[in-house]
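One letter stands for each residue in the lines below.
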Amino acid sequence: MSLLQFTPATRHEAKARVALIGPTGAGKTWTALEWATVLAGTEGRIGVIDTENDSASLYSDTYRFQSAAWRPPYDPAKLAAAIGDAARQFDVLIVDSLTHFWQGDGGVLDIVEQEGARTRNQFAGWKKGTPLWRGILDALIFAPCHVVVTMRSKMDYVQQQGSDGRMKVEKMGMAPVARNDVEYEFTVVGELDQAHRLTVT
C-alpha cells in the first residue's frame, strides 16, 4: 500500500503571501493597504492587525478595511491564534508589523532571553522560542486568505552623490528585523526605501 495518494495536478487559486520590508516612514502600511485592496477586489473584506499605534487608521479615508489594535505584550502564540481566527473572516489579512512579535515587548526574543536566564542555558531559550516563531509563520502560510505582512528593516547609512554633484547621506533599509531567512516563507517580497520606491526582490 502506498504511503502517499497521488492525484492529477490542477491549477488552483493560490493565496498571496506578501512581505513588505522597509525602514520607518518608507510607506509599508500604505503599500500593504494598496496591495490588499487589489487582492480583495471590489467586494472583498480586508482586516488589519495593527501594532503601529493605529497608524493604519490614517488611511481610512482612502481604503475600506477593519482594524484591530494590538498593544504589548506581543505574544507570538496569541498572534498565531489571532491569524487563524481572522483569516476565516477576511479575504485579505494584513499584519502591520510582524517585527513587534520578533523583537517587541513579550516577543520571541524576549521569551528566548527570559527562558535562557531562567535555565541558565541560551539554547533552552531557543528551544522555546523557535516553535513559537514557527507557529506564527505556519499560521500565515496556511491561512485560507491572502496575507500581507510588513517588517521593519535594519538601518544603515550610505553616502551617495546627489544630482547636484554633492555627496549626501541617505538612510538605507537592510535585512528585515526578524529571524534570518524569513523572506523565503513568502511568495512575493518587496523592499521599500525612504523615497517610497518599491523593489520586488
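Our structure is the block above this text.
Residues numbered from 1 in each chain as written. Predicted model: local features only at pLDDT ≥ 70, side-chain atom pairs only at ≥ 80, totals over all residues. Heavy atoms only, no water.

**Q** Hey, could you run me through unusual backbone geometry in this one?
**A** Excluding glycine, most residues fall at negative phi; most peptide bonds, likewise, are trans. Along the chain, P72 connects to P73 via a cis peptide bond; the corresponding omega equals 5°. Examined against the element boundaries, P73 turns out to sit in the loop between strand 3 (66-69) and helix 2 (76-86). Backbone torsion omega between D96 and S97 reads 15°, so that peptide bond is classified as cis. In this structure, S97 sits in the loop between strand 4 (92-96) and helix 3 (99-103). (Helix = DSSP H or I, 4+ residues; strand = E, 2+ residues; numbered from the N terminus.)

**Q** It is not clear to me how the nonpolar core should be interpreted in this structure. Could you clarify?
**A** In terms of nonpolar packing, the biggest core is built from 32 residues, with I83, L98, W133, L140, V149 and M151 touching the most fellow members. Looking at this core, the elements that each hand over two or more residues are strand 1 (17-22), helix 2, strand 4, helix 3, helix 4 (108-119), helix 5 (122-141) and strand 5 (146-161). Among the elements that make up this core, the one with the highest residue count is helix 5 (five residues). L20, A26, A40 and I46 belong to the second-largest nonpolar core, a separate cluster that totals 17 residues. (Core = buried A, V, L, I, M, F, W, Y, C linked by side-chain atoms within 4.5 Å. Buried < 20%, exposed > 50% of the residue type's maximum accessible area, 1.4 Å probe, protein only.)

**Q** Would you explain the side chain of S97 in this entry?
**A** Taking relative accessible area as the criterion, S97 reaches 0% and is therefore assigned buried. At 3.2 Å, the side chain of S97 and the backbone nitrogen of T99 are in polar contact. With residues up to four places along the chain from it excluded, the contact list for S97 reads T51, E52, T150, M151 and R152. (Polar contact = N/O pair within 3.5 Å; in protein donor to acceptor, adjacent residues only side chain to side chain. Contact = heavy atoms within 4.5 Å.)

**Q** How should the packing of helix 4 against helix 5 be read in this particular structure?
**A** Working note: a packed helix pair is described by the angle between its axes plus the distance between those axes. At a closest axis distance of 7 Å, the pairing of helix 4 and helix 5 adopts a crossing angle of 150°. With respect to helix 5, the element helix 4 is oriented roughly antiparallel. For the pair helix 4 and helix 5, the crossing hand works out as right-handed. Two secondary-structure elements touch here, helix 4 through V108, L109, I111, V112, E115, G116 and T119 and helix 5 through Q122, A124, G125, W126, K128, G129, L132 and W133. The residue makeup of the contact of helix 4 with helix 5, split by class, is eight nonpolar, five polar and two charged. (Axes fitted to C-alpha atoms, helices over the stretch in contact; angles between N-to-C directions. Parallel < 35°, antiparallel > 145°, perpendicular 65-115°, else oblique. Left-handed = near helix turned anticlockwise from the far one by under 90°. Nonpolar A, V, L, I, M, F, W, Y, C, P; charged D, E, K, R; others polar.)

**Q** Honestly, the layout of surface pockets in this entry has me stumped. Any pointers?
**A** A probe matching the size of a water molecule, rolled over the atoms, marks out where space remains unfilled. Size it by volume and the largest pocket reaches roughly 210 Å³. Of the residues forming the lining of the largest pocket, the biggest block, three residues, is contributed by helix 1 (residues 28-40). Counted by class, the lining of the largest pocket contains four nonpolar, five polar and four charged residues. (1 Å grid on protein atoms, 1.4 Å probe; cavity = no way out; pocket = protein on both sides within 12 Å on 5 of 7 lines; lining within 4 Å. Points joined across faces, edges and corners; volume = space filled by probe spheres on them.)

**Q** I would appreciate a short explanation of the packing of aromatic side chains in the present structure.
**A** Aromatic rings considered in pairs are described by the distance between their centres and by the relative angle of their planes. Enumeration according to the criterion identifies five aromatic pairs in this entry. Aromatic pair Y74 and F101: ring centres 5.5 Å apart, planes at 85°, arrangement edge-to-face. Linking Y74 in the loop between strand 3 and helix 2 with F101 in helix 3, this pair joins segments that are 27 residues apart in sequence. Here the two residues Y74 and F101 agree in accessibility, since each one is buried. (Phe/Tyr/Trp six-rings, centres within 6.5 Å; stacked < 30°, edge-to-face > 60°.)

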